[in-house]
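# Observations on the model geometry
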Amino acid sequence: MDKPKQFIDKLEETSHLAKEEWIALIENRNETVAEYLFEKARKWQHKFYGNHVYTRGLIEFSNYCKNDCYYCGIRRSNQNADRYRLTSEQILECCQLGYGLGFRTFVLQGGEDGWFAQERLEEIVHAIRERYPDCAITLSLGERSKESYRRLFEAGADRYLLRHETADEEHYRQLHPPELSAVQRKQCLWDLKEIGYQTGTGFMVGSPGQTAVQLAEDLMFIRRLEPHMVGIGPFVPHHDTPFAAEKGGTVELTLFLIGLLRIMLPKLLLPATTALGTIDARGRERGILAGANVVMPNLSPTDVRKKYELYDNKICTGDEAAECRTCLSRRMEGIGYQLVVDRGDFCQ
Ligand code: SAH
């Protein structure tokens, strides 16, 4: 019998694999196994979400960051990053534009920028909540205290995205400076869940030092956390970081992991990420066909798009928000899916 397929069947039935099984499955994957996996993944995707693809309007409101993650283009040591922050008015204009285009979720993402102090953030969240009571507000602002997360939740935020990046302590230290730790990052995720956020975690695929062992730990951590969303995308080197010369992650492995996530936790909200679309012209379509059900086009003003450069060659930095939505809608129709006007909540 074909071992990898047996592991996939077991994962589908029990939602669990032992660490050695995860490692063997990842290491022994091939095209036939992947096709077997994606077919099952699409079955679950259809069961809970049909052929609907949810959209999130991404507003990249600041590229100032106090952190110095070795992989990230907006790390504080990058002197070449052209820093910007949007005003509250600009953020609200992005929402207005997005609402008109059919977005019912706004994602506020940025570096860890102290200028956006607690009260200022609460005011922004509150303003969006008042104007758009039918929309979900997602925050992606990095690590904060539990109290801060709670107050933002009370101000009206519904969801929070914070990728754990890697579940393995040692590997985490290879990717981050000493002041950041995997323990702290994971604690934030438990806090967010406890407060009541729809919580998203995730990791980069093919980050330097990552092997099947780390991926097994990532999947096992996600199984324990039971988040509502998991964002994974290939690591893409950025020219002004310590990882400039490292190899990037592959489309093939990213798709395989999307498929595994879909059958491990079948109701997950799984984006086909911009990074995936960056390394493959049909990356997002292929992500959906591997089991993803969310896309996150950019709503940031065009003049700042290029500045929020986490990695090289990021796509869609020149397009207007409307073009992005139309383009994605066409791409999804091309593969038999439909971009919907919906908050796109986790299926209960
Ligand atoms: N400051 C926020 C937002 C981070 S940017 C936070 O800490 O959560 C969002 C995600 O982009 C990161 O979590 C990381 O996984 C991803 N990212 C950063 N640099 C990248 C790179 N070079 N290639 C691919 N993904 C990257």
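The model shown is predicted, which means the values in this text are computed figures rather than measured ones. (Residues numbered from 1 in each chain as written. Predicted model: local features only at pLDDT ≥ 70, side-chain atom pairs only at ≥ 80, totals over all residues. Heavy atoms only, no water.)

Regarding its fold elements, the chain presents 14 helices and 9 strands. Expected size for 348 residues packed as a compact globule is a radius of gyration near 20 Å; at 19 Å, the chain falls within 12% of this value. Within the span of the chain, comprising 348 residues, buried residues form 60% of the whole. For the chain, the share of sequence-separated contacts (at least 6 apart) that also reach a separation of at least 24 residues comes to 75%. By element, 48% of the accessible surface of the chain is carried by carbon and sulfur atoms, the whole surface being about 14100 Å². (Helix = DSSP H or I, 4+ residues; strand = E, 2+ residues; numbered from the N terminus. Rg over C-alpha atoms; globule rule 2.2 N^0.38 Å. Buried < 20%, exposed > 50% of the residue type's maximum accessible area, 1.4 Å probe, protein only. Contact = heavy atoms within 4.5 Å. Areas by Shrake-Rupley, 256 points an atom, 1.4 Å probe, with all protein chains shown as cover.)

On to the pairing of strand E2 (residues 57-62), then. Among the 6 residues that make up E2, 6 are buried, leaving the element largely enclosed by the rest of the structure. Here 5 bridges tie E2 to strand E3 (residues 105-110), and the two strands are oriented parallel to one another. Note on E3: the bridge partner recorded for Ile59 is Leu108. What joins E2 to E3 is helix H4 (residues 88-101), and the crossover it makes is right-handed. (Pairing = 2+ DSSP bridges. Right-handed = clockwise from strand over helix to strand, strands pointing away.)

We now examine helix H8 (residues 182-195). Along its 14 residues, H8 runs 20 Å from first to last C-alpha, staying within 8% of the 20 Å computed at 1.5 Å per residue. Summarising the contacts, the buried residues of H8 are in contact with helix H6 (146-155), strand E5 (159-161), helix H7 (169-175), strand E6 (198-205) and helix H9 (212-225). Just beyond H8, the residue with positive phi is Gly196, at close to 120 degrees. (Expected span 1.5 Å × (residues − 1).)

Two numbers describe how helix H1 (residues 3-14) lies on helix H10 (residues 251-264): the axes approach to 8 Å, and their chain directions differ by 35 degrees. Residues Ile8, Leu11 and Glu12 of H1 touch H10, and the partners they reach there are Leu260, Ile263 and Met264. When the residues that make up the contact of H1 with H10 are grouped by side-chain class, the tally is 5 nonpolar, no polar and 1 charged. (Axes fitted to C-alpha atoms, helices over the stretch in contact; angles between N-to-C directions. Nonpolar A, V, L, I, M, F, W, Y, C, P; charged D, E, K, R; others polar.)

For the rest of this paragraph, the subject is the sheet that holds strand E9 (residues 338-339). Ordered by their spatial adjacency, 3 strands build an open sheet running E8-E1-E9, and the pairing between neighbours is parallel. Whereas interior strands pair on both sides, the edge strands pair on one side only; in this sheet they are strand E8 (294-295) and E9. Two strands pair when backbone bridges link them, and strand E1 (residues 52-55) and E8 are joined in this way by 2 bridges, in the parallel orientation. The residue of E8 that forms the bridge with Tyr54 is Val294.

A few words on the site of the ligand. Taken together, 17 residues sit near the ligand, with Tyr71, Gly110, Arg163, Glu165 and Val236 positioned nearest. For the ligand, an oxygen atom lies 3.2 Å from a polar atom in the side chain of Arg185. Take Val236: an N or O atom from its main chain is 2.8 Å from a nitrogen atom of the ligand. Taking 560 Å² as the accessible area of the ligand by itself, protein coverage stands at 91%. For the shell around the ligand, the per-class residue count stands at 10 nonpolar, 4 polar and 3 charged. (Near = heavy atom within 4 Å. Polar contact = N/O pair within 3.5 Å; in protein donor to acceptor, adjacent residues only side chain to side chain.)

What follows covers the sheet that holds E6. Judged by pairing direction, the sheet is parallel, and its 6 strands sit side by side in the order E2-E3-E4-E5-E6-E7 without closing on themselves. The sheet is open, and its two borders are formed by E2 and strand E7 (229-234), each paired with just one other strand. Pairwise comparison of adjacent strand axes, ignoring direction, gives a mean angle of 20 degrees for this sheet. The sheet strands contacting H10 are E6 and E7, and the helix crosses E7 at an angle near 165 degrees.

Our next topic: the packing of H4 against helix H5 (residues 118-131). Contact pair H4 / H5: the axes reach a minimum separation of 11 Å and the direction vectors enclose 30 degrees. With respect to H5, the element H4 is oriented roughly parallel. Two packed elements cross with a definite hand, and for H4 against H5 that hand is right-handed. Where H4 approaches H5, its residues Ser88, Ile91, Leu92 and Cys95 are matched on the opposing element by Ile124, Ala127, Ile128 and Arg131. Residue classes in the contact of H4 with H5 are distributed as 6 nonpolar, 1 polar and 1 charged. (Parallel < 35°, antiparallel > 145°, perpendicular 65-115°, else oblique. Left-handed = near helix turned anticlockwise from the far one by under 90°.)

Moving on to helix H3 (residues 31-49). Taking 1.5 Å of rise per residue, 19 residues should cover 27 Å, and H3 covers 26 Å from first to last C-alpha, within 8% of that figure. For H3, the elements touching its buried residues are H1, E1, H10 and helix H12 (283-289). For H3, the side-chain oxygen to backbone nitrogen distance between the N-cap and Thr32 is 3.0 Å, and the N-cap itself is Asn30.

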